[in-house]
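Results of the structural survey
Read off the chains here:
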Amino acid sequence: MKAKKIIIIALSALVVALIVALVSVSIAAGNENLSIAEYFAKIAKNEKLDESTLVTINGEEKSIESFEKLIRVYSALDAVFDSEKLENEFNQFVDAQLLTQEAQRRGITASRDEIQEQLDYQKESFLLALEGGDEIAKMFVDIYNGLGMTVEEYYASDEAYQYYYDLMCMNTLLKQEAEQKGITAEEARTSLLTRLRGSAKIEVNLEKLNLLKKEADEVAAKTAERLAEKSAAVTE
């Protein structure tokens with residue numbers, strides 16, 4: 001159970017890195033028989049993505065581009081990612097930004113040694129799961145290969161470093177909040193986010209968000225159709 005939890009954390013880092021910095025994804029029709037690695041190799045040409053602002057959080061502008069990439073990444077993984085799931089991801093993204101900003105405001109940091117220790121631990125856990133035949137781990141290795149990088153190269157990347165830096169700062173923030181109030185970390189997260197959302201200046205481009213949700217539903221429908229065709233072909 002612990003290994004599974006570790007893998008989820010490690011893969012979350014990979015997904016964040018993928019959608020924020022590593023690749024712009026465009027899924028072409030007729031690719032349903034390609035491996036994940038082949039998907040990413042074939043779509044390396046990219047399509048032009050919208051770089052306009054989707055949300056401004058306390059003056060920090062975040063573009064729509066990362067969420068367009070997210071839709072395409074899920075499609076490449078044959079995962080149905082509709083508007084409801086996109087909205088959940090969007091809300092979690094805003095929450096993470098608020099917590100990161102609060103950690104910065106309080107002067108919370110993490111040392112390079114602490115981050116490197118966490119990176120080494122997560123990499124080792126990932127490789128152990130891979131050695132044990134974990135299917136999710138193998139799937140993400142395919143993605144690494146499609147991007148022309150190894151597991152080791154990902155955990156040595158600036159993107160992985162920044163992800164774990166932010167994560168460790170947020171965890172420290174929640175731990176401090178929990179200890180001060182004598183509550184659990186999860187309760188501290190809920191309480192703190194309620195307060196932060198109440199005082200934050202969050203400006204959402206609703207027109208862009210609605211267009212993004214429409215795109216998510218259209219891509220999700222095509223993905224579901226593709227999966228149904230695969231399933232029917234297997235049963236024949």
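Residues numbered from 1 in each chain as written. Predicted model: local features only at pLDDT ≥ 70, side-chain atom pairs only at ≥ 80, totals over all residues. Heavy atoms only, no water.

A word on the packing of aromatic side chains
Operational definition: Working definition: rings of Phe, Tyr and Trp (its six-membered ring) pair if their centres are within 6.5 Å, and the pair is stacked with planes under 30 degrees apart, edge-to-face with planes over 60 apart, and tilted otherwise. Each residue gets one of three labels from its accessible area relative to the maximum for its type: buried under 20%, exposed over 50%, partly exposed in between, using a 1.4 Å probe on protein chains only.
Applying the stated criterion across every chain yields a total of five aromatic pairs. Ring centres 5.0 Å apart and planes at 75 degrees place the aromatic pair Y154 and Y155 in the edge-to-face group. Each member of the pair, Y154 as well as Y155, is classed as buried. An aromatic cluster of three or more residues is present, and its members are F67, F90 and F93.

A look at the nonpolar core
Worth spelling out the cut-off: Take the buried Ala, Val, Leu, Ile, Met, Phe, Trp, Tyr and Cys residues and link them wherever side-chain atoms come within 4.5 Å; each set so joined is a nonpolar core. Only DSSP runs of H or I reaching four residues or more are called helices, and only runs of E reaching two or more are called strands; each is numbered from the N terminus.
Judged by nonpolar contacts, the single largest core of 46 residues is most densely connected at L99, F126 and Y155. In terms of residues, this core owes the most to one element, helix α8 (residues 158-181), which gives nine residues.

A closer look at the pairing of strand β1 (residues 53-57)
Under the convention used in this document: If DSSP finds at least two bridges between two strands, the strands pair.
Here β1 lies mainly inside the structure; four of its five residues are buried. Where β1 and strand β2 (residues 60-63) come together, four bridges link them in antiparallel fashion. Note that in β2 the partner of T53 across the bridge is S63. The antiparallel pairing of β1 with β2 creates a hairpin that spans two residues between the two strands, and N58 there sits at a positive phi of about 50 degrees.

Things to note about the sheet that holds β2
Which entries qualify depends on this criterion: Axes here mean lines fitted to C-alpha atoms, for a helix over just the part in contact, with angles spanning 0 to 180 degrees between N-to-C directions. Residue contacts are counted whenever heavy atoms from the two residues lie within 4.5 Å of one another.
The sheet built from three strands is open, its strands ordered β2-β1-β3 with antiparallel pairing. Since the sheet does not close on itself, it has two edges, and those belong to β2 and β3 (202-204), each with one partner. Here the average twist between neighbouring strands, direction ignored, is 20 degrees. Set on the sheet, helix α4 (residues 83-105) makes contact with β1, β2 and β3; between it and β1 the angle comes to about 35 degrees.

Structural notes on the environment of L130
The residue L130 is located in helix α5 (residues 112-131) in this model. Setting aside residues no more than four positions away along its own chain, L130 makes contact with A137, K138 and V141.

Concerning helix α10 (residues 206-235)
Rules: A helix's residues, less one, multiplied by 1.5 Å, set its expected span.
Between its terminal C-alpha atoms α10 stretches 43 Å, which fits the 44 Å expected from 30 residues at 1.5 Å a residue. All buried positions along α10 are accounted for by L209, L212, K213, E215, A216, A220, T223 and R226.

Some thoughts on the pattern of salt bridges
Pairing between side chains of opposite charge can happen when their charged atoms approach one another. Convention followed: By salt bridge we mean one thing: a side-chain nitrogen of Lys or Arg within 4 Å of a carboxyl oxygen of Asp or Glu.
One pass over the full model with this rule turns up ten salt bridges. A salt bridge links K213 to E87; its shortest N-O distance comes to 3.2 Å. Here K213 is found in helix α10, whereas its partner E87 is found in helix α4, with 126 residues between them in sequence. Relative accessible area serves as the criterion here: at 33%, E87 is assigned to the partly exposed category. Taking the shortest distance from any N to any O, the salt bridge between E135 and K138 comes out at 2.8 Å. Placement of both E135 and K138 in helix α6 (residues 135-146) is noted, with a separation of three residues, approximately one turn of the helix. One salt-bridge network, in which partners are shared between bridges, spans E102, R105, R106, E177, K181 and R195.

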